[in-house]
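# Commentary on secondary and tertiary structure
Here's the letter readout for the chains.
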Amino acid sequence: MISARELRKTYGSNSVIDGVSLELGAGQCLALLGPNGAGKTTLLRILATLLRPTAGALTIGGADALREPERARALIGMVAHGSHVYEELTARENLRFWETMRGGDTAAGRLDAALAQVELDGVADERVRTFSAGMKRRLGLARVLLGQARLLLLDEPFTGLDRRGRKWVNEFLLGFKAAGGATVIATHSFDGGLGVADRVAILGSGRLLMDRPAADLSPEELHRLYESLTDSVEAGP
Amino acid sequence: MIRALGWLAVLGLMAGLAAGFGYAPREAVQGNVQRIMYLHVPAVLTAYLAFVLVLAGSIGYLATRRSGWDRLAAAAGEIGVLFTGLTIVSGSIWGKPTWGTWWTWDARLTSTAVLFCVYVGYLLLRSLIEDPEARARYAAVVGILGAVNIPIVHFSVKWWRALHQPSTILGPERSPIDPAIGLALFVNWVAFTLLFAYFLSRRMEIARLEEQT
Amino acid sequence: MTYARRAWIILWKDLLIERRAKEHANALLFFCLLLLFLFQFALGPDRERLAAAVPGLLWLGFILAGLLGLGRSFLGERDNDCWEGLRLTPGDKSAIYLGKLAGNCVLMTAVEIILVVLFGVFYDVDLWTPAAPLALVLAVGTIGLAAVGTLFAAMTTQVRARELLFPVLLLPVQVPVLLATVSATQALLLGQPLADVAHWLKLLAGADLVYVTIGILTFEFVLEG
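Values in this document were obtained by computation on a predicted structure and should not be read as measured data. (Residues numbered from 1 in each chain as written. Chains lettered and ligands numbered in written order. Predicted model: local features only at pLDDT ≥ 70, side-chain atom pairs only at ≥ 80, totals over all residues.)

### Regarding the overall build of chain B
In terms of helices and strands, chain B carries six helices and zero strands. When the helices and strands of chain B are read in sequence order from the N terminus, they spell out α-α-α-α-α-α. Long-range contacts, defined as pairs at least 24 residues apart, comprise 80% of the intrachain contacts of chain B with a sequence gap of at least 6. (Helix = DSSP H or I, 4+ residues; strand = E, 2+ residues; numbered from the N terminus. Contact = placed C-beta atoms within 7 Å.)

This is the structure:
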């Protein structure tokens, strides 16, 4: 699904992403860990074709994402901090808007089904302004479901959610994986997402310090590795 | 190469000065102040050349995303503003004794002033964006719009007012100028164009070096 | 067909949000009322002086309201990363431009109708007799203003000193539109027939075509990044 080689992103003399390569297949989930400022959001945005890398190659779903970003975008669904919701529109209207923008079918039945899948059918006609953070996040997920995304890019999907909310997102991601979708979750917290990940990667100062199958590591080992790797990066060369 | 261009420009300017003050005759009606035309007209022609280059650089950048085109647009924009300013000031100096006032809202002066404002806005936009990629993109859009707008401005202002002398160089009719004046104008125009080319190359070179650091 | 649907849904969204939040409309309408006072006080009580200045004041009012209203076209997209959401949608981005342009034209038209009515009432000027040709001038002038305004609004939304840069960029480019519309309006208010201002209308129509075309061609470059 994703094939990234030597991605680099520099702003002036500041190198935010410094030679990142990774591969991700369909039905796989990659958890991208890293402290704040490591470049997770930047990397995610490059993968989403929102940001052009200064150097490197990126293929998404077989399409050259740098030369033909439109083809890649058709496959990508992204839920970032903002969830892309218009506060003054209702949940249903938000979905209708975004699905029309994607050029998809906005039949009432489809919208209702998506809302039901994220358990927002009860508040379909309420304005998003009244929603909690978790509900907005779920609406974002409904949006990418409706758009039939094959690659899900999530930036801190567990932030601001209570235990129930996190459990819900976890189950959603498992369902998405089972349906063959690929996922990249960027997070700095160990509280969620690791259960669903097939691989864990640690990003520090723009470089991938580790990229291993999740099955290889116990949570304690992972924690220790994370601490030592990010400490050594912070200590500097 | 650039150095040679610079020297050539200096020579051209000296020749232009000589032609303007020595060779060309004193104009019958306006007197010696008319000689400022040898500065004013080449300046405005060079300014238009600059803005055509801004257009070219803008389109070039959007088409190829190579920063060389953006450097061209930026440098041409800066120098264009300079020459436009020169045009306005020289026009104003010419106007005071000729029409009795520093400024009139006649067609040509107004068009030039509007041109000046458009491209000052262009430079302001450039100065407010730090990200070089975004800066090049946005500036290119404004550069294209500003350049394409020039004929629209020209016609709207011309119809709005007609006080300035009918265009003797750029007009469709055969210019009724004394050939000596015409030659002096030509020499000065060549000199200005050389000077412009010199400034442009230098400015682009500086920009290229800045980018590398 | 998808293109038209996308432009339409942008218009639908903006009108719906405006109707619910009423952010722009109320303040702009009140602003128009204030302008009325401003102009009156600036020009003094001489009725004839004011009447002679009406064409210019009318368009000055539109432009000032336009600077306020148009500059905010894309502010709604800044919340919740919706701007990025738009960037992620596949397909020709110029549909977004046209949708926003349509929305801005609706907004500007509402402002203009209000101003025309206020002018007619408060300044005691007959704007009813030449209403039809005047409406034509307003239409082509509005498209010209909105076409460039929408494009520059998208650009300046992301830039520092947005409120200053937007007018600085927009006004010089709008000079031809201002000159043409004021001259045409003046002629019409003096009772001249539409045929007399045909050249202005042609200039405006030509300019509109150029501005909208450039907007369509370059919007994707503005939306990026």
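### Topic: the interface of chain B and chain C
Across the contact, 28 residues belong to chain B and 25 residues belong to chain C. Tallying contributions element by element places helix H5 (residues 132–160) of chain B first for the side of chain B that touches chain C, with 19 residues. Tallied by class, the residues present in the side of chain B that touches chain C amount to 22 nonpolar, four polar and two charged. (Nonpolar A, V, L, I, M, F, W, Y, C, P; charged D, E, K, R; others polar.)

### Observations regarding helix H5 (residues 94–122) of chain C
A rise of 1.5 Å per residue sets the reference length of H5(C), with its 29 residues, at 42 Å; its end C-alpha atoms lie 41 Å apart and thus fit the reference within 8%. Of the residues trailing H5(C), Asp124(C) is marked for its positive phi of about 55°. (Expected span 1.5 Å × (residues − 1).)

### Examining the sheet that holds strand S5 (residues 63–64) of chain A
To summarise the sheet geometry, strands pair through backbone hydrogen bonds and adopt either a parallel or an antiparallel arrangement. All names here are of chain A. Taken together, four strands build an open sheet; the order of strands is S2-S1-S4-S5 and the sheet is antiparallel. In this open sheet, the two strands that pair with only one neighbour each are strand S2 (14–24) and S5. Sheet topology places strand S4 (residues 55–60) next to S5; two bridges connect them, and they run antiparallel. Each residue of the ladder has a partner; that of threonine 59, found in S5, is aspartate 64. Relative to S2, helix H1 (residues 40–47) is tilted by about 55°, and along the sheet it contacts strand S1 (2–11) and S2. (Pairing = 2+ DSSP bridges. Axes fitted to C-alpha atoms, helices over the stretch in contact; angles between N-to-C directions.)

### Observations regarding the nonpolar core
If you look at the biggest cluster of nonpolar residues, it comprises 194 residues, and the most contacted ones within it are Ile76(A), Ala142(A), Leu151(A) and Leu153(A). At 15 residues, helix H2 (residues 37–64) of chain B tops the list of elements feeding residues into this core. Summarising the domain contributions, this core has at least three residues from each of domain 1 (2–75 + 150–235) and domain 2 (83–149) of chain A. Every residue in contact with Leu153(A), bar those within four places of it in the chain, is listed here: Leu44(A), Leu47(A), Ala48(A), Ile76(A), Met78(A) and Val184(A). (Core = buried A, V, L, I, M, F, W, Y, C linked by C-beta atoms within 7 Å. Buried ≥ 20, exposed ≤ 12 C-beta atoms within 10 Å, placed from the backbone. Domains from an automatic or database assignment.)

### A short note on the pairing of strand S10 (residues 207–213) of chain A
Regular strands show a simple pattern: their side chains alternate between the two faces of the sheet. Residues and elements named next belong to chain A. Relative to S10, strand S9 (residues 199–204) runs antiparallel, the two being bridged by six bridges. Each bridged residue has a counterpart across the sheet, and for isoleucine 202 the counterpart in S10 is methionine 210. Linking two consecutive strands that pair antiparallel, namely S9 and S10, is a turn of two residues; a positive phi of about 50° is found at serine 205 within it.

### Some details on the interface of chain C and chain A
With 20 residues of chain C at the contact, the number on the chain A side is 23 residues. Elements supplying a minimum of two residues to the side of chain C that touches chain A: helix H1 (2–21) and helix H4 (82–88) of chain C. With nine residues, the single largest contributor to the side of chain C that touches chain A is H1(C). In the side of chain C that touches chain A, the residues fall into seven nonpolar, five polar and eight charged.

### Describing the confidence of the model for chain B
In low-pLDDT segments, the atomic positions of the prediction should not be examined closely. Put simply, chain B has an average pLDDT of 82, and 85% of its residues get 70 or more. Every residue in residues 162–175 of chain B scores below 50 in pLDDT, and together they form 14 contacts with partners more than four places removed in sequence or on other chains. (pLDDT = per-residue confidence, 0-100.)

### Brief notes about the packing of helix H3 (residues 47–71) of chain C against H5(C)
Residues and elements named next belong to chain C. As a packed pair, H3 and H5 sit with axes 10 Å apart at the nearest point and diverge in direction by 145°. By crossing handedness, the relation of H3 to H5 is classed as right-handed. Seen from H3, the contacting residues are Val54, Leu58, Gly61, Phe62, Ala65, Gly66, Gly69 and Leu70; seen from H5, they are Asn104, Leu107, Met108, Val111, Glu112, Leu115 and Phe119. Classifying every residue of the contact of H3 with H5 by side-chain character gives 10 nonpolar, four polar and one charged. (Left-handed = near helix turned anticlockwise from the far one by under 90°.)

### Notes on unusual backbone geometry
Backbone geometry at Glu6(A) places phi at a positive 50°, although glycine is not the residue there. Take Glu6(A): there are 14 C-beta atoms within 10 Å of it, and that puts it in the partly exposed class. A positive phi angle, near 55°, is found at Asn80(C), a position not held by glycine. As for its position among the elements, Asn80(C) is in the loop between H3 and H4.

### What about the pairing of S4(A)?
Residue and element names in this part refer to chain A. Where S1 meets S4, five bridges bridge the pair, whose relative direction is antiparallel. Each residue of the ladder has a partner; that of alanine 4, found in S4, is leucine 58. Taken together, S4 and the strand that follows it, S5, pair antiparallel across an intervening segment of two residues, in which glycine 61 is found at a positive phi of about 60°.

### Quick look at the packing of helix H2 (residues 24–43) of chain C against H3(C)
All names here are of chain C. Look at H2 against H3: their axes get within 10 Å of each other, and the N-to-C directions meet at 145°. Between H2 and H3 the crossing geometry is right-handed. The residues of H3 that touch H2, namely those facing His24, Leu28, Phe31, Cys32, Leu35, Phe39, Gln40 and Leu43, are Arg49, Leu50, Ala53, Leu57, Gly61, Leu64, Ala65, Leu68 and Gly69. Considered class by class, the residues forming the contact of H2 with H3 number 12 nonpolar, four polar and one charged.

### Here we look at the confidence of the model for chain C
Of all residues in chain C, 100% have pLDDT values of 70 or greater, and the mean over the chain is 89. Overall fold confidence for the complex sits at a pTM of 0.88, while the interface term, ipTM, reaches 0.89.

### Some remarks on the arrangement of the chains
A comparison of contact numbers over the two pairs of chains in contact places chains B and C at the top. There is no contact between chain A and chain B; across them, the least C-alpha separation is 8 Å.

### Quick notes on the sheet that holds strand S6 (residues 76–79) of chain A
Residues and elements named next belong to chain A. The six strands are arranged S6-S7-S8-S3-S9-S10 in an open sheet whose pairing can be described as mixed. The strands lining the two open edges of the sheet, one partner per strand, are S6 and S10. Between one strand axis and the next, the sheet turns by 15° as a mean value, whatever way the strands run. Across four bridges, strand S3 (residues 29–33) lies against S9 in parallel orientation. Bridge assignment links leucine 32 to a residue of S9, and that residue is alanine 201. H1 rests against S3, strand S7 (151–155), strand S8 (182–187) and S9 of the sheet, and its axis sits at about 155° to S8. Sheet strands touched by helix H6 (residues 163–178): S3, S7 and S8. Its angle to S8, the strand with the most contacts, is close to 150°.

### Comments concerning the environment of Thr90(A)
Residues and elements named next belong to chain A. Take threonine 90: it is sitting in the loop between S6 and helix H3 (91–101). Judged by local crowding, threonine 90 falls into the partly exposed class, with 19 C-beta atoms found within 10 Å. Beyond its immediate chain neighbours, meaning those up to four positions away, threonine 90 contacts Ala124, Asp125, Glu126 and Arg127.

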